[in-house]
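The residues making up each chain are set out below.
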Amino acid sequence: MNKLQEILNHNQSFLENKGYDVYKTSKDPNKKLVILTCMDTRLTELLPKALNLKNGDAKFIKNAGAIIMDPFGSAVRSIVVAIYEFKADEVLVIGHHGCGMSNLDVDKTLEQAMARGISPDVINTLCNAGINIRKWLQGFNSVEESIKETVELLKNHPFISKDVSIHGLIMDPETGKIDVLVNGYEDTTL
Ligand SMILES: [Zn+2]
């Protein structure tokens, strides 16, 4: 049985058993929170449990490294929509130790892509079109610095209202322990 079929089979029994009943909630985040975090699989259940977040409590935006690459890209757009459309009034930027985007080896990623049939010509063509694939793929040297930069970017964003508190946190992906890097209430970087 393939993965999709397994998922569909489970879905059918989930519906039959009304597994959804315990997850019923509204579109507005109950805790008025929007969270930008990493797609790391270790955080999938650990992060909400460690922060006492249940279905309906927060809007989650996830990507590789909890990085904002473009101030007007989809991550910030999602945060803006969460604030103005869904009444979120605090933002948590949550990175984590041992992140895959820390010191990501771009050469290795490109090698893997080519081994899977991506032509080197594609990279050259994109380069000629002004798209810097290396920059696009690269992560960060320090997750702490990356989180602080992201918080600064959001604090200074022209479309994010100043009454929104923006915090920077770092999580241990094994234990769920949180350390505060930026306390958005005090507006100080720790
Ligand atoms: Zn990560």
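Trainee: Can you explain the pattern of salt bridges? Please cite residues and give values.
Mentor: A full pass over the atoms with the stated rule returns eight salt bridges. Note that Asp40 is salt-bridged to Arg42, the shortest N-O span being 2.9 Å. Its relative accessible area of 14% is what places Asp40 among the buried residues. Via salt bridges that share partners, Asp40, Arg42 and Glu174 belong to a single interconnected network.

Trainee: Account for the coordination of the zinc ion, with residues named and values stated.
Mentor: Within the protein, the zinc ion binds to Cys38 (SG), His96 (NE2) and Cys99 (SG); these donor distances fall in the range 2.0 to 2.2 Å. Each donor residue of the zinc ion lies on the same chain, and together they follow the pattern C-x57-H-x2-C. Taken together, the residues Cys38 in strand β1 (residues 33–38) and His96 in strand β3 (residues 90–96) connect sequence positions 58 residues apart. Given a relative accessible area of 4%, Cys38 falls into the buried group.

Trainee: Kindly report on the packing of aromatic side chains, identifying the contributing residues and their values.
Mentor: Evaluation of the coordinates by the stated rule reveals one aromatic pair. Judged by centre distance (6.2 Å) and plane angle (80°), the rings of Tyr84 and Phe159 are edge-to-face. Separated by 75 residues along the polypeptide, Tyr84 in helix α3 (residues 74–84) and Phe159 in the loop between α7 (143–155) and β4 (165–171) bring together distant segments of the chain. Above the plane of the ring of Phe86 lies Lys59, whose end atom (NZ or CZ) is 4.0 Å from the centre.

Scoring rules and cut-offs
- Residues numbered from 1 in each chain as written.
- Predicted model: local features only at pLDDT ≥ 70, side-chain atom pairs only at ≥ 80, totals over all residues.
- Heavy atoms only, no water.
- Salt bridge = Lys/Arg side-chain N within 4 Å of Asp/Glu carboxyl O.
- Buried < 20%, exposed > 50% of the residue type's maximum accessible area, 1.4 Å probe, protein only.
- Donors = N, O, S within 2.8 Å, 3.2 Å for Na, K, Ca; no water.
- Helix = DSSP H or I, 4+ residues; strand = E, 2+ residues; numbered from the N terminus.
- Phe/Tyr/Trp six-rings, centres within 6.5 Å; stacked < 30°, edge-to-face > 60°.
- Lys NZ or Arg CZ within 6 Å of the ring centre and 35° of its normal.

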